[in-house]
Amino acid sequence: MSTEYYSDILVIGSGVSGLSLALKAAEHAKVTLITKKGKVDTATNLAQGGIAAVLSVEDSVEDHIRDTLISGDGLSKEDVTRIVTTEGPARVRELMDFGVRFQMQSNGKDFDLGMEGGHSARRVAHASDLTGKEIERVLLEQTAVHPNIEILENHLAVDLLIASRADSSGATTAQNDRCLGAYVLNRESGRVEIRRALVTVLCTGGCGKVYLYTTNPDIATGDGVAMAYRAGAKVANLEFIQFHPTCFYNPHIKNFLISEAVRGEGAILLNQAGQPFMKQYDPRGDLATRDAVARGIDAEMKKSGSDCVFLDITHKPADFIQKRFPNIYETCKRYGVDITKEPIPVVPAAHYMCGGVVVDHWGQSSLAGLMALGETSCTGLHGANRLASNSLLEAVVYAHRAAQKMPEILADIRSLPDCGPIQSWKTGGAATLEEGILVNHNWDGIRRLMWDYVGIVRSTKRLQLMRERLDWLLKEIKSHFYDYLLTPDLVELRNLAVVAELIVHSASWRKESRGLHYTLDYPNKDDANFLKDTVLDKAERRSAL
Ligand code: SIN
């Protein structure tokens, strides 16, 4: 028998989206925020660069909109881009009022704004190269003491609770379904709890762990997208996985990012022969948008057969480098690279999921009672390629909008008829999966195959091979899932496999190259057929995932 708990709002995830929404929505409701590991195990906490917003008189919202639309390569929605860029500056100032210490100029009044690829102006507010950590610190401090917020660590959402409502004709369809909360695995007790809520908000971040090399933390297993898709919500644009061009190449440290801000301050990419190369691939050079830079590095590595390229900022004064990038300087030094004296070995790595759960202007998904924010969502801002440092911005703007709309959403849901009791989680005659090797083997297999077949450069053949392997893997994972007692690893493996399948399906559908999706078989853009989102819906695909 599963124990049942109730709150008005269930927030899943403790990054900037989840914490901001919880803090603001707690003004009108009781919020339970669950996180599958510790509170600080989030992508937000690792974000280095900062938050892009128009914060200088030398910049304009129109320029920020233009840069975002160019980067999005035809798929960023202009109305959404206008909302986010217009509302963004107020949200950044609000973070300061909460206590976030952004770097200011010596006059103490003006922001010290950073430059990043694809931006036509200095626009990135930052706290040196530890911006995400600083934002997370402040939001955690505030949520921890709020009387209406309960934070539960080590609680992993397994699946959403869904009720089907009959319409006036008595029919039940996916459009009438409603989310009632989630089944949640309490990692300490090992039991699956029923966490009921009027509104459930997915803030689970992205899916970088679907790839062998990633800048993401271990929690990034695509849980929100996988759960939403299984529950029948629409998801979109999952072929657009952003590879960050510069992840530190070192066997002893995984996922350490070398912020794009380093290139923003003048660092140059060099090949094995010590030659700059980006201008050969894009006239914007080292500060081209990320899709172009990652492809340039990939091509250069393939050409020379080398394992990495190099990022050189040694021409800048050492004290500037140490002050502007203290975290990068110290970390590289610990691993034997003094970035003030020698170039940094770097490789591209999976970094950001530009698609996600389709949401409206307030963060509401296509399923009643289910919302999604931040990297988990697809608002329409990022299109086919996110502009650097637009993600923290989108997160705070949409968390604010979702919280503003919350009283209305809660009132609407309260007016619906009660859905009755929820079934306990069925463990059946499940036994413990003793052979952890089965999970590890599939986990490693998916990540390696996705890296090799569905990476920066794709082809029809590689996508087809990946689909065949995934069909087989998904069958095996499904049988483990229902035959054995749930473990966190099994839950995450299932989500990873579902998201991999969604990425491969979306990439196979898009028979053109646009933004982050580049395929050798269709190297050009095809606006006539593909100037649209790749929307997937389980009911329409009749998918059994
Ligand atoms: C970076 O600092 O390069 C990452 C920031 C981002 O992904 O927007």
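This is a predicted model, so every value here is computed, not measured.

A. The sheet that holds strand β12 (residues 309-312), seen in detail. Taken together, 4 strands build an open sheet; the order of strands is β10-β13-β12-β11 and the sheet is antiparallel. Of all the strands in the sheet, the pair left with one neighbour each is β10 (241-248) and β11 (268-270). Ignoring which end each strand starts from, the neighbouring axes of this sheet average 45 degrees apart. As defined by bridge partners, β10 adjoins strand β13 (residues 344-353) across 6 bridges and the pair is classed as antiparallel. Bridging across to β13, H244 finds its partner in A349.

B. Main features of the site of the ligand. Looking at the ligand, the residues that line it are Q48, G49, H244, L257, S259, E260, R290, H351, R386, A388 and S389. G49 is positioned such that a nitrogen or oxygen atom in its backbone is 2.8 Å from an oxygen atom of the ligand. Note that an oxygen atom of the ligand is positioned 2.7 Å from one of the backbone N or O atoms of E260. About the coverage of the ligand: the protein hides 94% of its 260 Å² of free accessible area. Considered class by class, the residues forming the shell around the ligand number 2 nonpolar, 6 polar and 3 charged.

C. Spotlight on helix α15 (residues 488-509). Over its 22 residues, α15 extends 32 Å from the first C-alpha to the last, a length consistent with the 32 Å expected when each residue adds 1.5 Å. Most of α15 is tucked away: 19 of the 22 residues are buried.

D. Up close: the pattern of salt bridges. Per the counting criterion, the structure on display carries 36 salt bridges. R137 serves as the salt-bridge partner of E134, at 2.9 Å between the closest nitrogen and oxygen. Of this pair, E134 and R137 both sit in helix α5 (residues 131-144), 3 residues apart, which is roughly one turn of the helix. By relative accessible area, which is 10% here, E134 ends up buried. Beyond isolated ion pairs, a larger network of salt bridges with shared partners links D59, D63, R66, D67 and R123.

Scoring rules and cut-offs
- For every chain, the first residue of its written sequence is number 1, and the numbers climb from 1 along that sequence.
- Local features in this predicted model are restricted to residues whose pLDDT is 70 or higher, and side-chain atom pairs enter the listing and the counts only when it is 80 or higher, whereas totals over whole chains, interfaces and linings include all residues.
- Note that water and hydrogens are dropped before the side-chain values are worked out from all heavy atoms of the structure.
- In this analysis, strands are considered paired if DSSP registers two or more bridges between them.
- Only DSSP runs of H or I with at least four residues qualify as helices, and only runs of E with at least two residues qualify as strands; both kinds are numbered from the N terminus onward.
- Convention adopted: a line fitted to C-alpha atoms gives each axis, helices being fitted over their contacting stretch, and angles between N-to-C directions are expressed from 0 to 180 degrees.
- Residues are classed as near a molecule or strand on a simple rule: at least one heavy atom within 4 Å of it.
- Each polar contact in these results corresponds to two N or O atoms within 3.5 Å; when the atoms are within protein, one needs to be able to donate a hydrogen and the other to accept it, and residues that are neighboring in sequence are counted only if both atoms are side-chain atoms.
- In short, Shrake-Rupley with a 1.4 Å probe defines the accessible areas, and a residue's cover is counted only from the protein chains shown.
- In the scheme used here, Gly and all other residues not listed as nonpolar or charged are polar, with Ala, Val, Leu, Ile, Met, Phe, Trp, Tyr, Cys and Pro taken as nonpolar and Asp, Glu, Lys and Arg as charged.
- Here, expected helix span is obtained from the residue count minus one, scaled by 1.5 Å.
- Relative accessibility decides the category of a residue: with a 1.4 Å probe and only protein chains considered, values under 20% of the type maximum give buried, values over 50% give exposed, and everything between is partly exposed.
- In what follows, salt bridge is the name for a side-chain nitrogen of Lys or Arg lying within 4 Å of a carboxyl oxygen of Asp or Glu.

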